[in-house]
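Overview (structure and organization)
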Amino acid sequence: MIKIVADSTCDLSDEVLKKYNIDIAPLTINIGDKDYRDRIDISPDEFYGMIEGLDTEPKTAMPSPTEYLKFFNQAIQDGHTSILCICMSSGTSGAYQSAVLARSYFVEEHPAYAEVIHVVDSKCMSHGSGWLILKSAKMRAAGASFEEIVEFIESKKTYVKHYLSVDDLDHLIRSGRLSNASAFVGKLLKLKPIMTMKNGKGSIVAKERGRKRVLEHYVSEYIRRNDPDNTDFMIIGYTSDITYAENLKLKLEKDTDFQGDIYIMQMGVAVGTHVGLGALSMFFMEKGKQRDNILINEVHGLAELKNHLLRK
């Protein structure tokens, strides 16, 4: 039996976690003089209800190696024969390093498990790692072996395409989750920035004016980049406005030929601390290594406008 462990930044819903028996190591969020365990001591809606009134920026702390060890030892007691631990990008969180330390401690005590406990640096954020975790669980349910799942995740993890739009870049800038160059560009744009993951960190790749244009960008980029052989489901994430996410789902269903499941899931407190209110994200598998930056997207947008005018 394969046990799947993750950290709370994966933002998978409680329903999915329960259905696929996935254990979550919570990050800790410090708000003022209080510490809260993500998903345990504070809910996303509670957090988003208080975020605008906070005097100081909330801070997050990674799960300790002890937290992961607890799950690893419990997996053994429950009769699991292998353990797969998938963590948020090491470029944005220390959870991966904690899990690697926990693995080394665990293998010292249980050397027979050295070949069947694997920790993944997902290179993803939020539902990006969540996508890999859910895919692993679906593969396990379909009868895939531990080795098959590990090979798929490690070979495909950098193909999970992220899109994230936020109303305010300040949270990402202060937390260091956005590269310095992207932060500088984003401040100059004064529009809604759209980010993806590059080298394990967030990077601005487009700018749009208003939510309608954000949705149009998401859908057009999905059509241009999607790998139909590997995207058997998609995840849409949101922080404080579920209607925004529902509108994206409706647009994907209307304007694309995608037939798989589209999950809508709320971003948790640990991620919400860094992206703030009004965030919207989308995740699918990209076909090949396609370049994605502001210049490319500006040129592509002009080409689409030209084609639109010629069709009139």
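Everything discussed here concerns the structure shown above.
Here goes a summary of the coordinates provided. (Residues numbered from 1 in each chain as written. Predicted model: local features only at pLDDT ≥ 70, side-chain atom pairs only at ≥ 80, totals over all residues. Heavy atoms only, no water.)

A word on the overall build of the protein chain
Scanning the protein chain for helices and strands turns up 12 helices and 13 strands. Relative to its full complement of 312 residues, the protein chain shows a buried share of 51%. Considering only contacts in the protein chain between residues 6 or more positions apart, those separated by 24 or more positions represent 77%. Accessible surface, the protein chain as shown: approximately 14,500 Å² in total, 51% of it carbon and sulfur. (Helix = DSSP H or I, 4+ residues; strand = E, 2+ residues; numbered from the N terminus. Buried < 20%, exposed > 50% of the residue type's maximum accessible area, 1.4 Å probe, protein only. Contact = heavy atoms within 4.5 Å. Areas by Shrake-Rupley, 256 points an atom, 1.4 Å probe, with all protein chains shown as cover.)

Topic: the layout of surface pockets
Space left empty within the atom packing is revealed by a probe, the size of a water molecule, rolled over the atoms. One number sums up the size of the second largest pocket: a volume of about 340 Å³. Lining the second largest pocket are 18 residues, and of these T158, M197, K198, N199 and K289 lie nearest its centre. For the lining of the second largest pocket, the secondary-structure elements that each account for two or more residues are β8 (160-165) and β9 (192-198). Classifying every residue of the lining of the second largest pocket by side-chain character gives 4 nonpolar, 7 polar and 7 charged. (1 Å grid on protein atoms, 1.4 Å probe; cavity = no way out; pocket = protein on both sides within 12 Å on 5 of 7 lines; lining within 4 Å. Points joined across faces, edges and corners; volume = space filled by probe spheres on them. Nonpolar A, V, L, I, M, F, W, Y, C, P; charged D, E, K, R; others polar.)

Details of the packing of helix α3 (residues 65-77) against helix α4 (residues 95-109)
One way to put it is that α3 packs onto α4 with a least axis distance of 8 Å and a crossing angle of 50°. The orientation of α3 with respect to α4, classified from their angle, is oblique. Here α3 runs over α4; the crossing is right-handed. Along the contact surface, α3 presents P65, Y68, L69, F72, N73 and I76, while α4 presents A95, S98, A99, L101, A102, R103, Y105 and F106. Of the residues in the contact of α3 with α4, the class split is 11 nonpolar, 2 polar and 1 charged. (Axes fitted to C-alpha atoms, helices over the stretch in contact; angles between N-to-C directions. Parallel < 35°, antiparallel > 145°, perpendicular 65-115°, else oblique. Left-handed = near helix turned anticlockwise from the far one by under 90°.)

Description of unusual backbone geometry
In terms of backbone geometry, most residues other than glycine have negative phi values and most peptide bonds are trans. Its identity is not glycine, yet N21 carries a phi of approximately 55°, on the positive side. Structurally, N21 can be placed in the loop between α1 (14-19) and β2 (22-25). Residue N21 is classed as partly exposed on the basis of its relative accessible area of 41%. A positive phi angle, near 75°, is found at R39, a position not held by glycine. Mapped onto the secondary structure, R39 falls in the loop between β4 (34-37) and α2 (44-50).

Section: the sheet that holds β4
Pairing is antiparallel in the open sheet, where 3 strands are placed in the order β4-β3-β5. Strand pairing shows two members of the sheet lacking a second neighbour, β4 and β5 (59-61), which therefore form its edges. Going from strand to strand, the sheet's axes swing by 30° on average, the running direction of each strand aside. Pairing geometry for strand β3 (residues 28-31) and β5, over 3 bridges, is antiparallel. Each bridged residue has a counterpart across the sheet, and for T28 the counterpart in β5 is A61. (Pairing = 2+ DSSP bridges.)

A word on the sheet that holds strand β1 (residues 2-7)
Backbone hydrogen bonds hold the strands of a sheet together, and the pairing may be parallel or antiparallel. Here 4 strands make up an open sheet; going across it, the order is β2-β1-β6-β7 and the pairing parallel. Each edge of the sheet is formed by a strand with only one pairing partner; in this case those strands are β2 and β7 (117-121). Looking at each pair of strands side by side, their axes are set apart by 20° on average, direction ignored. In the sheet, strand β6 (residues 82-87) pairs with β7 via 5 bridges, with the strands oriented parallel. Of the residues in β7, the one forming a bridge with C85 is V119. Against the sheet, α3 makes contact with β1, β2, β6 and β7, and its axis sits at roughly 165° relative to β1, the strand it touches most.

A short note on the side chain of S8
Mapping S8 onto the fold places it in the loop between β1 and α1. A residue is classified by how much of its surface remains accessible, and S8, at 0% relative accessible area, is buried. In this structure S8 touches I24, A25, P26, L27, D38 and R39, once residues within four positions along its chain are discounted.

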